[in-house]
Amino acid sequence: MKKNKLLWQIPFLLILILGTIWIINSQRNTPYQHNEGFIFGTVYHITYQYDDDLNNEIVQTLHDVDESLSPFNKTSIISKVNRNENVSTNKMFDDVFLLAQKISDNTDGCFDITVAPLVNAWGFGFKNGKTPSKQQVDSLRSLVGFNKVKLQNHKVIKADSRIMLDCSAIAKGYGSDMVARMLERKGIQNYMIEIGGEVVTHGISEKRVPWKIGVTKPSDDSLNTSQELQTVLNITDKAMATSGNYRNFYYKGGKKYAHTIDPQTGYPVQHSLLSATVLTKSCATADAYATAFMVMGIEKAKAILSKHPELMAYFIYSDNRGELKVWFSPSLKDKILK
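About the cut-offs
- Residues numbered from 1 in each chain as written.
- Predicted model: local features only at pLDDT ≥ 70, side-chain atom pairs only at ≥ 80, totals over all residues.
- Heavy atoms only, no water.
- Helix = DSSP H or I, 4+ residues; strand = E, 2+ residues; numbered from the N terminus.
- Contact = heavy atoms within 4.5 Å.
- Areas by Shrake-Rupley, 256 points an atom, 1.4 Å probe, with all protein chains shown as cover.
- Salt bridge = Lys/Arg side-chain N within 4 Å of Asp/Glu carboxyl O.
- Buried < 20%, exposed > 50% of the residue type's maximum accessible area, 1.4 Å probe, protein only.
- Axes fitted to C-alpha atoms, helices over the stretch in contact; angles between N-to-C directions.
- Parallel < 35°, antiparallel > 145°, perpendicular 65-115°, else oblique.
- Left-handed = near helix turned anticlockwise from the far one by under 90°.
- Nonpolar A, V, L, I, M, F, W, Y, C, P; charged D, E, K, R; others polar.
- Core = buried A, V, L, I, M, F, W, Y, C linked by side-chain atoms within 4.5 Å.
- Pairing = 2+ DSSP bridges.
- pLDDT = per-residue confidence, 0-100.

A. Highlighting the overall build of the protein. Assigned secondary structure in the protein consists of nine helices and 14 strands. Sequence-distant contacts in the protein: of pairs separated by 6 or more residues, those separated by 24 or more amount to 60%. Carbon and sulfur atoms make up 54% of the accessible area of the protein, which totals about 17500 Å².

B. View of the pattern of salt bridges. Counting across every chain of the model gives nine salt bridges. Among the salt bridges present, the one from aspartate 95 reaches lysine 91, with a minimum N-O distance of 2.8 Å. Residue aspartate 95 and its partner lysine 91 are both found in helix α4 (residues 91–106); the two are separated by four residues, about one turn of the helix. Judged by its relative accessible area of 27%, aspartate 95 is partly exposed. Between aspartate 138 and lysine 134 there is a salt bridge whose closest N-O contact spans 2.8 Å. Of this pair, aspartate 138 and lysine 134 are both found in helix α6 (residues 134–141), four residues apart, which corresponds to roughly one turn of the helix. Connected via shared salt-bridge partners are Lys134, Asp138 and Arg141.

C. Broad picture of the packing of helix α8 (residues 283–296) against helix α9 (residues 298–307). At a closest axis distance of 7 Å, the pairing of α8 and α9 adopts a crossing angle of 135 degrees. Taken together, the axes of α8 and α9 lie oblique to each other. In this structure, α8 crosses over α9, and the sense of that crossing is right-handed. Touching Tyr289, Phe293 and Met296 of α8 are Ile298, Lys300, Ala301, Ile304 and Leu305, all from α9. The class makeup of the residues in the contact of α8 with α9 is seven nonpolar, no polar and one charged.

D. Geometry of the nonpolar core. Counting 47 residues, the largest nonpolar core has Phe93, Ile170, Phe293 and Phe315 as the members making the most contacts within it. Those elements that place two or more of their residues in this core are α2 (55–69), α3 (77–82), α4, α7 (168–185), β12 (273–280), α8, α9 and β13 (312–318). Per-element accounting of this core gives the leading share, ten residues, to α8. Leave out the neighbours within four places in its chain, and isoleucine 170 touches Val96, Leu99, Ala100, Phe111, Ala284, Asp287 and Ala288. In terms of nonpolar packing, the next biggest core, distinct from the first, is built from 18 residues, Ile46, Ile58, Ala180 and Tyr191 among them.

E. Inspection of the sheet that holds strand β6 (residues 198–202) at higher detail. One open sheet accounts for eight strands, arranged β1-β2-β5-β6-β9-β12-β13-β14; its pairing is antiparallel. For this open sheet the edge positions go to β1 (32–39) and β14 (324–328), each flanked by a neighbour on one side alone. Going from strand to strand, the sheet's axes swing by 10 degrees on average, the running direction of each strand aside. In terms of strand pairing, β13 meets β14 through five bridges, oriented antiparallel. Looking at β14, one finds that phenylalanine 315 is bridged to tryptophan 327. This element, α7, spans β2 (42–49), β5 (191–195) and β6 of the sheet and lies at about 155 degrees to β5.

F. Fine view of unusual backbone geometry. A positive phi is found at asparagine 153, a non-glycine position, where the angle reads about 50 degrees. Residue position: asparagine 153 is located in the loop between β3 (149–152) and β4 (155–158). Taking the relative accessible area as the measure of exposure, asparagine 153 reaches 68% and is therefore exposed. You will see that histidine 154, though not glycine, has its phi angle at about 60 degrees, which is positive. Within the fold, histidine 154 resides in the loop between β3 and β4. By relative accessible area, which is 43% here, histidine 154 ends up partly exposed.

G. Region of the structure containing the packing of α2 against α4. Running from amino to carboxyl end, α2 crosses α4 at an angle of 65 degrees, the nearest separation of the two axes being 9 Å. Considered as vectors, α2 and α4 are oriented roughly perpendicular to each other. For the pair α2 and α4, the crossing hand works out as right-handed. Contacts between α2 and α4 involve Thr61, Asp64, Val65, Ser68 and Leu69 from the first element and Met92, Phe93 and Val96 from the second. Residues that form the contact of α2 with α4 fall into these classes: five nonpolar, two polar and one charged.

H. The arrangement of the confidence of the model for the protein in detail. Summary statistics for the protein give a mean pLDDT of 87 and a share of 83% for residues scoring 70 or more. Averaged over each element, pLDDT in the protein is lowest for strand β10 (residues 249–252) (52) and highest for α3 (98). Ignoring residues within four places in sequence, the model shows residues 221–225, a span with pLDDT below 50, making seven contacts including any to other chains.

Encoded structure:
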């Protein structure tokens, strides 16, 4: 009886084995597509394993994010909110607003999308290059704070009509997440999405190995021409975002101003942390926390990390002698390849 049962099982086992071999061979023979373009004021590079080129769908996905969250797109929802027009928000806007609110709470306000008036005053929103006076900074600080704005029935309710939103520190990460979701709806398992340094990966690369992403060494390189790497990370099945003041700055009156504005002081941050790289499941989350860590500095960032084991971080900072040093989450150790 047992022998007959075993004989019946053999064909099924053979079918299972042959099916597995067929799937593996099919995956190996499926080509990797490469798309690149320009969005959110930066360049995107997307690689994925699929029979067809999906660039049109990628562009449409990124266009939808742009139409929701770009302050430089005059027709976007966020631009209309900032102009106090009667506009209803959509799911993309709501998702980002609520996530930003959560991360603002988790970081004691170090991440705050209501910082837009201060960002604009310091010359990064509209590139006006004018150094604001203390009186102006103090005045604008009264417009900053998540407690002054809320989302209700797809409407943004402001405590003051002069309040403006800026999602630049979360939108690129969110855009990467949205492209990843679109690819996964197509059944794609192997992909790498990079939008202006914000990355989402899954599966394996064309070389049949885990995805490897470099972290650039900080340098005074506002033109983004230096590509010397500080380290290389294995970030398969993770999202990664980096925020740093070493490239985004300008000089005014002989003084160097960083692009990251502290929502609480109203001034550009001044501390030893040069670059914050965050890894987690969501690129929008990584993007926002990387910015928050640049605002709060390395010691406060470590305290936040101790409360959030889902986050991993790699920090590059300058010591007392001006030399580059690194610190990283213990859980990141096995992902550092160089």
